[in-house]
Amino acid sequence: MSYQALYRVWRPQTFAQVVGQEAITQTLKNAVISKQTSHAYLFTGPRGTGKTSVAKILAKALNCLHPVDGEPDNTCEICTAINEGSEPDVIEIDAASNNGVDEIRDIRDKAKYAPAEAKVKVYIIDEVHMLSTGAFNALLKTLEEPPEHVAFILATTEPNKIPATIISRTQRFDFRRITSADIQKHLALILDDKGISYDQKALAVIARAADGGMRDALSILDQVLSFGQDHVTEANARSVTGSVTTAQLGAYLKAVHGGDAASGMGIIDDILSAGRDSARLLEDLIAYARDLLVQQSAPKLIDAAEMALLDEQFADLAKALPSRWLYHAIDAMSSTQQQLRATNQPDLYLQVLTVRLSEPLPEVSGATAAAAAPAPQRNDADAATIAKLQQAVQQLQATVQTLSTTGTSAPQKAKAAPKRSGRRPAAVNTNAIYPILEHATRDDLNKLKDVWPDVLDRLAGMQKSMMKISEPVAASPDGVIVSFDNDFYIEQVKSDATLLQDMADGLKAMTGRDERVVLVEQKQWPTVRQNFIKEVGFKKSKQQEQENPPLQPQPAPEKQEPEVVKKITDLLGSDNVQIKND
Ligand SMILES: [Zn+2]
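None of these values were measured; they are calculated from a predicted model. (Residues numbered from 1 in each chain as written. Predicted model: local features only at pLDDT ≥ 70, side-chain atom pairs only at ≥ 80, totals over all residues. Heavy atoms only, no water.)

Student: Please clarify how the overall build of the protein chain should be interpreted in this entry.
Tutor: Counting secondary structure elements, the protein chain contains 27 helices and ten strands. Across the 582 residues of the protein chain, 45% fall into the buried class. Residue pairs in contact within the protein chain that sit at least 24 positions apart in sequence constitute 76% of those at least 6 positions apart. Total accessible area on the protein chain is roughly 30,200 Å²; 50% of this is exposed by carbon and sulfur atoms. (Helix = DSSP H or I, 4+ residues; strand = E, 2+ residues; numbered from the N terminus. Buried < 20%, exposed > 50% of the residue type's maximum accessible area, 1.4 Å probe, protein only. Contact = heavy atoms within 4.5 Å. Areas by Shrake-Rupley, 256 points an atom, 1.4 Å probe, with all protein chains shown as cover.)

Pasting the structure below:
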């Protein structure tokens, strides 16, 4: 006999069997008993939370020949036909595949006729948000004057895409994510029924990965069972879900909080090279950090079912990691999560995250610190160390700033140095950038782009990781401008004197020239370029005019590109230059 997927075998057949949606099932049952059901329902909620299962149960309850206390008996001929999908009066439509107006028009026409066998004709429209506007309009017409013997059950994961006119004509039920405890209980029930033993932790791992969806939980359990039918182990559950042990998560947070980026990277490498998914890893890390915060403030709130996943070091870590740091870590990890969605280099972003988390926290101003919730219980030794580190970083930043401004000559525009506090938009160092742009050529840039990967290859691992999100944007014989797509890390790179020197050395080795590397934040680059064209470009063209006044009337001045435009076009490529005559 062929294997049947668990979620089919264990699909609930009565309201009572539905897991985790008690409020909804009780309300529907009462409505059936008191014969106060509606003509139109809207079931919303995440996938796998029981919307279509409940829709089918409701269809049976409305039509069952021998209902018991609002529940279908599942034995009469109508129930049997509905369970087999052969009942002509219960019509299931998947809007994801049938989104045409014609389908709904068909409903309008046919809904008029009384049901052939059942008491109530039930239309179940799944993924209803996929209907076209025309189809919605047709549906609305039917909902405005529904025939007596018809019920519509609309199900969707995206209620925000449903027209308000439709929603207002339905009774809406929001299906919740099923709690981890409920999912685990149900998995245990199934395994007990099959006579299969299990580690409780394995069920917790599956429930967490399923994220509130019973269907996902059952599919994962199916896969875990395919490893072996006699016992469900935590290790197998982790391999299927790609989730990481809490021991690894704890070790990672401990390492980066202690400023040990190298160990942090090592742990990440181990996890990823074991085939774990980087997005999953981040989710697990965030969940673990969140649990630590809960443990600090309200340990009783931690789901007893989740607790099964947490190990001995958890309590110690909750004492050791200050809440302020945990908030900061969760922020950083969440923004990395966003970045992962848009990149095909997830490892890189995880490495950068590791570096960032290994840094001491930016200092909070007195007022903010006072306003911030309970002061972190940091001991004096920690505080002293952090203060010392922060001082060192500030000194380094100041040194690098001076070095890069005095690289060519003394600063020409001695503007008051902006106070570098925390991480505001990176200051643009025009004194270093403009001289390079003045002599930059397309040719130099192309040559630089050729060797840039080799220059990066020479860097140490962590530095290489950070610089991978850089891109050369301009080059002259004595300097290069590199754009960097992250305002936080650009400060880090700018203040890393060794890294800057290593890159200069690399360039010298590849090109034989002494070239300075100047960094610019990617989103600032277009403005910097425009400003250069405005400020320096036109000054130069005027100078040239004065130095070489035209001896004879020029043939057709408009047709000839001014020298500066030619120069800039040469430098930046014609696509990037817009000439405005004003
Ligand atoms: Zn029945």
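So much for the structure itself; the text now carries on.
Student: Just checking my understanding: could you explain the sheet that holds strand β5 (residues 171–174) for this structure?
Tutor: Strand pairing in a sheet relies on backbone hydrogen bonds, with the paired strands running either antiparallel or parallel. The parallel open sheet is built from five strands, whose spatial order is β2-β3-β4-β1-β5. At either margin of the open sheet sits one strand with a lone partner, and together these are β2 (90–94) and β5. This sheet shows a mean twist of 15 degrees between the axes of neighbouring strands, independent of strand direction. Note that strand β1 (residues 40–44) and β5 share four bridges and pair parallel. Paired with Tyr41 across the strands is Gln171, a residue of β5. Packing of helix α2 (residues 22–33) onto the sheet brings it into contact with β1 and β5, and relative to β5 it is tilted by some 150 degrees. (Pairing = 2+ DSSP bridges. Axes fitted to C-alpha atoms, helices over the stretch in contact; angles between N-to-C directions.)

Student: Can you walk me through the nonpolar core in this structure?
Tutor: In globular proteins that are soluble, nonpolar side chains generally tend to be buried together. Met333 and Met467 are the most contacted members of the largest nonpolar core, which has 55 residues in total. Residue contributions to this core peak at eight residues, all from helix α14 (residues 278–297). Residue-level mapping places this core at the junction of two domains, with at least three residues from each of domain 3 (246–358) and domain 4 (430–531). Look past the residues within four positions of Met333 in its chain and what remains in contact with it is Leu282, Leu285, Ile286, Ala289, Leu353 and Leu357. Ile24, Leu28, Ala55 and Cys64 belong to the second-largest nonpolar core, a separate cluster that totals 29 residues. (Core = buried A, V, L, I, M, F, W, Y, C linked by side-chain atoms within 4.5 Å. Domains from an automatic or database assignment.)

Student: Sorry, what's going on with the coordination of the zinc ion here?
Tutor: Six octahedral donors around a metal ideally make angles of 90 or 180 degrees; four tetrahedral donors ideally make 109.5 degrees. Taken together, Cys64 (SG), Asp73 (OD), Cys76 (SG) and Cys79 (SG) make up the protein donors of the zinc ion, found 2.0 to 2.2 Å from the metal. What the four donor atoms of the zinc ion show is an angle range of 94 to 121 degrees at the metal, which sorts the shape as tetrahedral. As a motif over one chain, the donors of the zinc ion read C-x8-D-x2-C-x2-C. Neither residue differs from the other here; Asp73 and Cys76 are each classed as buried. (Donors = N, O, S within 2.8 Å, 3.2 Å for Na, K, Ca; no water. Tetrahedral: all angles 85-135°; square planar, octahedral: opposite > 155°, others 65-115°.)

Student: Looking at this structure, I do not really get helix α10 (residues 214–225). What am I missing?
Tutor: For α10, spanning twelve residues, the distance from its first C-alpha to its last is 16 Å, which sits close to the expected 16 Å at 1.5 Å a residue. For α10, the set of buried residues is Met214, Ala217, Leu218, Ile220, Leu221, Asp222, Val224 and Leu225. Buried residues along α10 sit against α1 (6–9), α8 (180–194), α9 (200–210), β7 (231–232) and α11 (234–241). (Expected span 1.5 Å × (residues − 1).)

Student: It is not clear to me how unusual backbone geometry should be interpreted in this structure. Could you clarify?
Tutor: Glycine aside, the phi torsion of most residues is negative, and most peptide linkages are trans. Phi at Asn74 is positive, roughly 65 degrees, even though this residue is not glycine. For Asp211, which is not glycine, the phi dihedral falls at a positive 50 degrees.

Student: For this particular structure, what's the right way to read the packing of α10 against α11?
Tutor: Between α10 and α11, whose axes approach to 9 Å, the crossing angle comes to 120 degrees. The angle between α10 and α11 places the two elements in the oblique class. Once α10 is placed against α11, the crossing between them reads as right-handed. In this structure, α10 contributes Ile220, Gln223 and Val224 to the contact, and α11 contributes Asn236, Ala237, Val240 and Thr241. Tallied by class, the residues present in the contact of α10 with α11 amount to four nonpolar, three polar and no charged. (Parallel < 35°, antiparallel > 145°, perpendicular 65-115°, else oblique. Left-handed = near helix turned anticlockwise from the far one by under 90°. Nonpolar A, V, L, I, M, F, W, Y, C, P; charged D, E, K, R; others polar.)

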